[in-house]
Amino acid sequence: MKQVIGVRFKPTGKIYYFDPGELRVEKGDYVIVETSRGVECGEVAQPNHGVADSSVVKPLKQVVRAADSVDIRKAKQNRENEAKAFRICEERIAKHKLDMKLVEVEYPFDSSKILFYFTADGRVDFRELVKDLAGTFHTRIELRQIGVRDESKMLGGLGICGQPFCCSRFLRDFQPVSIKMAKEQGLSLNPAKISGTCGRLMCCLAYEQPAYEYLGKITPGVGSIVRTPDGEGTVAEVNLVSGKLRVRVENIPEVMGRWYLRDECTYLRGGKRAPMAPDPEPESDFAAETDI
């Protein structure tokens, strides 16, 4: 077990683990930590508690110190400056007639630079925009183009399931998602039903895919000849989740066939049946709280 605290840098952002050392904190306190972006001030979302070593991405960075009133005021001032910089940047984008959409503005804790995140359909020549912004804010300016999935991750929102976006809650990295997954899971191929708010295939399609692949390997496919308690027949329909097969059995006059449990049927030949597969690999561990 490892003693950690969970720190959040945005109101609805992800929670990251840090080593508190000898420091004891409560939920709602603020701490100064060192991240890949430099020194940051974050809010404690989870006080001191123990987690399994496997849940921690190493090396686990240690908390620098507890934040004082000056640090907290500075962090809040940065958030106000971000909102102001966002409005100014949008005005400058319109002035330079650039085909880009501003997504988010970020001030590091030390205010050494300003980061502007945007989306665009193609490459954008923003050199004049950078000069304009640098002349306005008198600091280092960075413009970073991101994809539509990163945009959803930053802005957050609710998915069609009614839950906050997975990418803004706990997904650290985007996993490959293909239309093949939707086909194997028997989902409608209507883009409106299998696409997220970002317009890309929903990330959650990948969650159950290992289970569907395993079930597909141990279940006789459509067209397979199987032996049922009522005799031999041909599989007409398969429900992987319930483990049921609809079989047209010889000498039984039911046109649609009868339903049998997978374990009641013995595969004989034909169809698309694959050899018995080993136990399924565990799904990827998308930890809700990870080190940054």
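The preceding data block contains the structure.
In what follows, the accompanying structure is described.

How each quantity is defined
- Residues numbered from 1 in each chain as written.
- Predicted model: local features only at pLDDT ≥ 70, side-chain atom pairs only at ≥ 80, totals over all residues.
- Heavy atoms only, no water.
- Salt bridge = Lys/Arg side-chain N within 4 Å of Asp/Glu carboxyl O.
- Helix = DSSP H or I, 4+ residues; strand = E, 2+ residues; numbered from the N terminus.
- Pairing = 2+ DSSP bridges.
- Axes fitted to C-alpha atoms, helices over the stretch in contact; angles between N-to-C directions.
- Left-handed = near helix turned anticlockwise from the far one by under 90°.
- Contact = heavy atoms within 4.5 Å.
- Nonpolar A, V, L, I, M, F, W, Y, C, P; charged D, E, K, R; others polar.

**Some thoughts on the pattern of salt bridges**
Thinking step 1. Under the counting rule described, the total for this entry stands at 16 salt bridges.
Thinking step 2. Glu91 serves as the salt-bridge partner of Arg92, at 4.0 Å between the closest nitrogen and oxygen.
Thinking step 3. Residues Lys131 and Glu128 are paired through a salt bridge, measuring 3.7 Å at the closest nitrogen-oxygen approach. Placement of the pair is Lys131 and Glu128 together in helix α2 (residues 127-137), with a separation of three residues, close to one helical turn.

**Observations concerning the pairing of strand β9 (residues 225-228)**
Successive residues of a regular strand alternate their side chains across the two faces of the sheet.
Thinking step 1. Where β9 lies against strand β10 (residues 231-239), four bridges are found, and the strand directions are antiparallel. Residue pairing across strands places Thr228 opposite Gly231, the latter belonging to β10.
Thinking step 2. Between the end of β9 and the start of β10, which pair antiparallel, lie two residues.
Thinking step 3. Bridging between β9 and strand β13 (residues 266-269) involves three bridges; their strand directions are antiparallel. Bridge pairing in β13 links Arg227 to Thr266.

**Thoughts on the sheet that holds strand β8 (residues 140-145)**
Thinking step 1. Ordered in space as β6-β7-β8, the three strands form an open sheet in which the pairing is mixed. Sheet topology places β6 (101-106) and β8 at the edges, where each strand pairs with a single neighbour. Looking at each pair of strands side by side, their axes are set apart by 25° on average, direction ignored.
Thinking step 2. In this structure, strand β7 (residues 113-119) lies alongside β8, joined through six bridges in parallel fashion. Directly across from Phe118, in β8, lies its bridge partner Gln145.

**Considering the packing of helix α1 (residues 69-95) against α2**
Thinking step 1. At a minimum axis separation of 10 Å, α1 and α2 run at an interaxial angle of 140°. The crossing of α1 and α2 is right-handed. In contact with Ala85, Ile88, Cys89, Arg92, Ile93 and Lys95 of α1, α2 contributes Leu129, Asp132, Leu133, Thr136 and Phe137.
Thinking step 2. A class-by-class count of the residues in the contact of α1 with α2 yields seven nonpolar, one polar and three charged.

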